Amino acid sequence: GENVEQHPSTLSVQEGDSAVIKCTYSDSASNYFPWYKQELGKGPQLIIDIRSNVGEKKDQRIAVTLNKTAKHFSLHITETQPEDSAVYFCAATPGNDQFYFGTGTSLTVIP
Amino acid sequence: NAGVTQTPKFRILKIGQSMTLQCTQDMNHNYMYWYRQDPGMGLKLIYYSVGAGITDKGEVPNGYNVSRSTTEDFPLRLELAAPSQTSVYFCASSEQGRLDEQYFGPGTRLTVT
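Quantities reported herein were computed from a predicted structural model and do not represent experimental measurements. (Residues numbered from 1 in each chain as written. Chains lettered and ligands numbered in written order. Predicted model: local features only at pLDDT ≥ 70, side-chain atom pairs only at ≥ 80, totals over all residues. Heavy atoms only, no water.)

Participant: Can you walk me through the overall build of chain B in this structure?
Facilitator: When helices and strands are counted, chain B shows zero helices and 11 strands. In chain B, the succession of α and β elements from N to C terminus is β-β-β-β-β-β-β-β-β-β-β. Its C-alpha atoms give chain B a radius of gyration of 13 Å, near enough to 13 Å, the size a compact globule of 113 residues would have. Projected onto its principal axes, the C-alpha positions of chain B cover 40 × 30 × 25 Å. With 113 residues in all, chain B has 46% of them scored as buried. For chain B, the share of sequence-separated contacts (at least 6 apart) that also reach a separation of at least 24 residues comes to 55%. Of the roughly 5300 Å² of accessible surface on chain B, 49% is carried by carbon and sulfur atoms. Charged side chains of chain B number 10 positive and 10 negative; the gap between the two group centres comes to 11 Å. (Helix = DSSP H or I, 4+ residues; strand = E, 2+ residues; numbered from the N terminus. Rg over C-alpha atoms; globule rule 2.2 N^0.38 Å. Buried < 20%, exposed > 50% of the residue type's maximum accessible area, 1.4 Å probe, protein only. Contact = heavy atoms within 4.5 Å. Areas by Shrake-Rupley, 256 points an atom, 1.4 Å probe, with all protein chains shown as cover. Lys, Arg positive; Asp, Glu negative; His and termini not counted. Charge placed at Lys NZ, Arg CZ, Asp CG, Glu CD.)

Encoded structure:
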């Protein structure tokens, strides 16, 4: 099956700085790459996603980039705010209906 | 819309006991999923369903069973609970499957002692 690796596992940034989280995947058939945010005690919630026919996607302060050749994709959060503090998960779906998640990044934004 | 609801929120089981985790969605989604989340391990897919009457195994199905008799409900059954099944369990649903957003429930925290 697919193997998704995510780095770093923890990340601390000052408020207003940028945060970058990186994921790699192993299955070249993967074609959908969502990012989920999980706040304490809650289920994950989708924040942005990208399909394999697109190299970059932006939504206000959040962007995702995809490099299919290198099999990696990244989440970029600019102008971070304390409410961005949470655990972030990347995921990939190969040619079946299964989702494979990374191990998560705990982001802390220091006011 | 309530979205995806899960019951119970918390449960403590003794080794060898059985239980059913309930999951219901009111969005008329065809796709439903069960994940377990262990500390530092991300989410692992246990079982999923692409529609009523159709289920399939995910990455970590051993020790679990599911059924999908209606579009709304997707219960997860644990038989002969073991300490290795101590985890947080999340149910999710989506409209179009693997190229679509998943909506997660609030989770069930299960401890097996």
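So much for the structure itself; the text now carries on.
Participant: Mind showing me how you'd approach the pattern of salt bridges here?
Facilitator: Opposite charge on two side chains allows them to pair when their charged atoms are near. One pass over the structure, following the stated rule, counts seven salt bridges over all chains. For K37 of chain A, the salt bridge identified is with E39 of chain A, shortest N-O distance 3.6 Å. We classify K37 of chain A as buried; its relative accessible area is 17%. The residue E59 of chain B makes a salt bridge to K44 of chain B at a minimum N-O spacing of 3.8 Å. Of this pair, E59 of chain B sits in the loop between β6 (54–57) and β7 (64–66) while K44 of chain B is found in strand β5 (residues 43–51), placing the two residues 15 residues apart along the sequence. Judged by its relative accessible area of 26%, K44 of chain B falls in the partly exposed class. (Salt bridge = Lys/Arg side-chain N within 4 Å of Asp/Glu carboxyl O.)

Participant: Even after reading the chapter, I still don't get the nonpolar core, so can you show me in this structure?
Facilitator: One finds W35, F73, L75, Y88 and L107 of chain A to be the most contacted residues of the largest nonpolar core, which totals 25 residues. Of all the secondary-structure elements, those providing two or more residues to this core are β2 (10–14), β3 (19–25), β4 (32–38), β5 (45–51), β7 (62–67), β8 (72–77), β9 (86–92) and β11 (105–110) of chain A. Not counting chain neighbours up to four residues away, the residues in contact with Y88 of chain A comprise Q6, I21, Y36, K37, I47, L75, I77, G104, T105 and L107 of chain A. In terms of nonpolar packing, the next biggest core, distinct from the first, is built from 19 residues, V4, L21, V66 and A81 of chain B among them. (Core = buried A, V, L, I, M, F, W, Y, C linked by side-chain atoms within 4.5 Å.)

Participant: Looking at this structure, I do not really get the interface of chain A and chain B. What am I missing?
Facilitator: A common way to express how large an interface is: the accessible area buried when the components associate. Contacts between the two partners involve 22 residues from chain A, matched on the other side by 24 residues from chain B. Between chain A and chain B, roughly 1900 Å² of surface is buried when both sides are summed, and carbon and sulfur atoms account for 54% of that area. Together, D97, F99 and F101 of chain A form the three largest contributors to the area buried by chain A at its contact with chain B, with a combined 31%. Between chain A and chain B we count zero salt bridges in total. The interface formed by chain A and chain B includes four residue pairs in polar contact (both at pLDDT 80 or more). If you list the elements that add at least two residues to the side of chain A that touches chain B, you get β4, β5 and β10 (100–101) of chain A. Counting residues per element, the side of chain A that touches chain B draws most heavily on β4 of chain A, at three residues. Residue classes in the side of chain A that touches chain B are distributed as nine nonpolar, 10 polar and three charged. (Buried area = accessible area lost by both parts, 1.4 Å probe. Polar contact = N/O pair within 3.5 Å; in protein donor to acceptor, adjacent residues only side chain to side chain. Nonpolar A, V, L, I, M, F, W, Y, C, P; charged D, E, K, R; others polar.)

Participant: I tried to follow the layout of surface pockets on my own but got confused; where do I start?
Facilitator: Sizing a probe to match a water molecule and rolling it over the atoms shows the empty space that remains. Of the pockets and cavities examined, the largest pocket occupies roughly 680 Å³. Taken together, 30 residues make up the lining of the largest pocket; nearest its centre are Q38 and G41 of chain A together with Q37, V88 and R109 of chain B. Elements with a minimum of two residues in the lining of the largest pocket: β9 of chain A together with β9 (87–94) and β11 (108–112) of chain B. By residue number, the principal contributor to the lining of the largest pocket is β11 of chain B, which donates four residues. Tallied by class, residues from the lining of the largest pocket come to 11 nonpolar, 14 polar and five charged. (1 Å grid on protein atoms, 1.4 Å probe; cavity = no way out; pocket = protein on both sides within 12 Å on 5 of 7 lines; lining within 4 Å. Points joined across faces, edges and corners; volume = space filled by probe spheres on them.)

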